[in-house]
Amino acid sequence: GQKVVLITGCSSGIGLAIAVMLAKDEMKRYYVIGTMRDLKRKDKLVEAAGDAYGKTLALLTLDVCSDKSVKQCVNSIKDRHIDILINNAGVGLVGPVEALSLDDMKQVFETNFFGVVRMIKEVMPDMKRRRSGHIMVISSVLGLHGVAFNDVYSASKFATEGLCEGLAIQLMKFNVNVSMIEPGPVNTEFEMKVMTEVSKKEYAGADPETLNHFRTCYLPTQVNLFKGLGQTPEDIAKVTKKVIESAQPPFRNLTNPLYTPIVALKYADETRSLSVHTFYHMLYNLGGIMHVSVRIMKFLSFEWLRRRAISPT
Ligand code: NAD
């Protein structure tokens, strides 16, 4: 029969795209429960889903930061039966660590890490009992390597990766799969929300030199990477669907092949210095120069493929 899929954070971006793609599956293999904090924001999803809305797509309220909301939502689902849980809700935070408040940092962990914990605690016991299920997390390449000025966001994704790596091992005994999806830059509201924050904040507490690095090296690099390498939410939805439909879903899944070499660099050198130094050069020596980091990523990827004797496209 149909698989029940619950997705968090569906009012925009990647969550919306996954909900639409699964709900529009030609073979109607999925019954999608698209959730969001506030159903007043449902219009974009409903419009994108078209005919599927009311048939293979239902909407429910869910705030991953609230125990009560998570419980209420899952209890309202028939037999509490969820085959596939997609943890997508997430928030960003950039800036020099010394200029960010602990409250802001805790909010990032509350959503990106404890939000995932809360969902898993509610859904996993039923999956274990049924001896079937698939837990997915929209993590990030920043769950695999740190990037300057994205430290806390990256830490929240590392935390989630660690949580899920342990669970993946445990859950193999129960025939429950765990998969991480690790996108690089994706053009959604996410980056816009972060950039709006940046333009409003003064980052008091950071010295002028650090702030200068942040504004003249980090921010332009970021903008270039999103413009030059950014994927669409649909690209991420495609990878997610492929992982769901794979006979043996892989644990880690990069969505952007241009990130394969830079992620592999970290494991190519057991001290990890190689990847730290590469990011250092990209940020300070080349970051401010238009599109250089994009070219480096493309060059690395080209070399990577060439050495594997696969013809790059
Ligand atoms: P987005 O801002 O469009 O989507 C995030 C969604 O999560 C929003 O709809 C937001 O309302 C929702 N959300 C936030 N807090 C919530 C809460 N407490 N409860 C329920 N929903 C909540 O951005 P996106 O790019 O689609 O982000 C989706 C996921 O992808 C996030 O986990 C993000 O970390 C991850 N990601 C994004 C990028 C990128 O470049 N955009 C890259 C890698 C990973």
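Within each chain, residue numbers correspond to sequence positions counted from 1 in written order. The predicted origin of the model limits local features to residues at a pLDDT of at least 70 and limits the giving and counting of side-chain atom pairs to 80 or more, whereas totals for whole chains, interfaces and linings rest on all residues. By convention in this description, side-chain values take in all heavy atoms of the structure and omit both hydrogens and water.

### Side note on the pairing of strand 2 (residues 30–36)
To keep things clear, this is the line we draw: Working definition: with a 1.4 Å probe on protein chains only, accessible area under 20% of the residue-type maximum means buried, over 50% means exposed, and in between means partly exposed. Each helix is a run of DSSP H or I of at least 4 residues and each strand a run of E of at least 2, with the numbering of both proceeding from the N terminus. For two strands to be treated as a pair, DSSP must find no fewer than two bridges joining them. Clockwise travel from the first strand over the helix to the second, with the strands pointing away from the viewer, marks a crossover as right-handed.
In terms of burial, strand 2 is a largely internal element, 6 of the 7 residues being buried. Inspection of the sheet shows strand 1 (residues 3–7) paired to strand 2 by 5 bridges, in the parallel sense. Counted as the bridge partner of Val-4 is Tyr-31 from strand 2. At this point the chain moves from strand 1, through helix 1 (residues 13–23), to the parallel strand 2, and the crossover so formed is right-handed. Here strand 2 runs beside strand 3 (residues 57–61); their pairing, made up of 5 bridges, is parallel. Directly across from Ile-33, in strand 3, lies its bridge partner Ala-58. Of the crossover connections in this fold, the one passing from strand 2 over helix 2 (residues 43–49) to the parallel strand 3 is right-handed.

### Quick notes on the side chain of Thr-240
Rule in force here: Contacts described as polar in this section are N or O atom pairs within 3.5 Å, which, within protein, must combine one atom able to donate a hydrogen with one able to accept it, while residues neighboring in sequence count only if both atoms come from side chains. Between two residues, a contact is recorded if the distance between any of their heavy atoms is within 4.5 Å.
Tracing the sequence through the fold places Thr-240 in helix 9 (residues 233–245). A distance of 2.7 Å separates a polar side-chain atom of Thr-240 from the backbone oxygen of Ile-236. With residues up to four places along the chain from it excluded, the contact list for Thr-240 reads Ile-18, Ile-86, Met-136, Ile-138 and Ile-181.

### Some points on the environment of Asn-253
Topologically, Asn-253 is positioned in strand 7 (residues 252–254). The class for Asn-253 is buried, based on a relative accessible area of 8%. Considering only alpha carbons, one finds Asn-253 and Ala-264, 11 residues apart in sequence, at a separation of 13 Å. Residues contacting Asn-253, with those up to four places away along its chain left out, are Ser-179, Met-180, Ile-181, Glu-182 and Val-243. Here the side chain of Asn-253 touches Pro-250 through a polar contact of 3.2 Å, landing on its backbone oxygen.

### Thoughts on the domain arrangement of the protein
What counts is decided by this rule: Residue ranges assigned to each domain were obtained from an automatic or database domain assignment. Summed over both partners, buried area is the accessible surface (1.4 Å probe) that two parts give up on being assembled. Each salt bridge in this description consists of a side-chain nitrogen of Lys or Arg and a carboxyl oxygen of Asp or Glu lying within 4 Å of one another.
Here the protein is described as being made up of domain 1 (3–207 + 231–255) and domain 2 (257–313). Using only C-alpha atoms to locate each centre, domain 1 and domain 2 end up separated by 27 Å. Each partner contributes to the interface: domain 1 provides 12 residues, whereas domain 2 provides 9 residues. Carbon and sulfur atoms make up 74% of the area that domain 1 and domain 2 hide from each other, which totals about 800 Å². If you sort the residues of domain 1 by the area they bury against domain 2, Leu-144, His-145 and Leu-254 come out on top, with a joint share of 51%. Linking domain 1 to domain 2 there are 0 salt bridges.

### Brief notes about helix 7 (residues 189–200)
Side chains three or four residues apart in an α-helix point the same way, a direct result of the helix having 3.6 residues per turn. What counts, and what does not: Here the expected length of a helix is defined as 1.5 Å per residue gap, with one fewer gap than residues. By construction, the arc corresponds to the directions joining the helix axis to the C-beta atoms.
Taking 1.5 Å as the rise per residue, helix 7 with 12 residues should run 16 Å; its terminal C-alpha atoms sit 17 Å apart, in good agreement. Those residues of helix 7 that sit buried are Glu-191, Val-194 and Val-198. Buried positions in helix 7, seen along its axis, are confined to an arc of 65° and lie on one side of it. When the buried face of helix 7 is taken as reference, the exposed residues oriented beyond 90 degrees from it are Met-192, Ser-199 and Lys-200. Looking at the buried residues of helix 7, the elements they touch are helix 8 (208–229). The residue sitting at the N-terminus of helix 7 and contributing the capping side-chain oxygen is Thr-188; that oxygen lies 3.1 Å from the backbone nitrogen of Phe-190.

### Some remarks on the site of the ligand
For clarity, the cut-off: We call a residue near a molecule or strand as soon as one heavy atom of that residue lies within 4 Å of the molecule or strand. Computed with the Shrake-Rupley method and a 1.4 Å probe, the accessible areas treat only the protein chains shown as cover for residues. Throughout, the ten residues Ala, Val, Leu, Ile, Met, Phe, Trp, Tyr, Cys and Pro are labelled nonpolar, Asp, Glu, Lys and Arg are labelled charged, and all others, Gly among them, are labelled polar.
In the vicinity of the ligand lie 30 residues, with Ser-12, Ile-14, Tyr-153, Thr-188 and Lys-193 positioned nearest. Within the backbone of Val-64, one N or O atom sits 3.0 Å away from a nitrogen atom of the ligand. In the complex, 97% of the free accessible area of the ligand, which totals 820 Å², lies under the protein chains. Residue assignment for the shell around the ligand shows that the elements contributing at least two residues are helix 1, helix 6 (151–172) and helix 7. Class assignment of the residues belonging to the shell around the ligand gives a composition of 13 nonpolar, 11 polar and 6 charged.

### A few points about the packing of aromatic side chains
Two measures describe an aromatic ring pair: the distance that separates the ring centres and the angle between the ring planes. Threshold: Each Phe, Tyr or Trp ring (for Trp, its six-membered ring) is paired with any other whose centre lies within 6.5 Å, and the angle between the two planes then decides the class: stacked below 30 degrees, edge-to-face above 60, tilted in between. Distance and angle both matter: a charge sits over a ring if NZ of Lys or CZ of Arg is within 6 Å of the ring centre and within 35 degrees of the ring normal.
Summed over all chains, the structure comprises 6 aromatic pairs. Through pairs of rings, three or more aromatic residues link up here, namely Phe-149, Tyr-203, Phe-214 and Tyr-218. Residue placement shows Lys-128 over the ring face of Phe-174; its charged tip is 4.7 Å from the ring centre.

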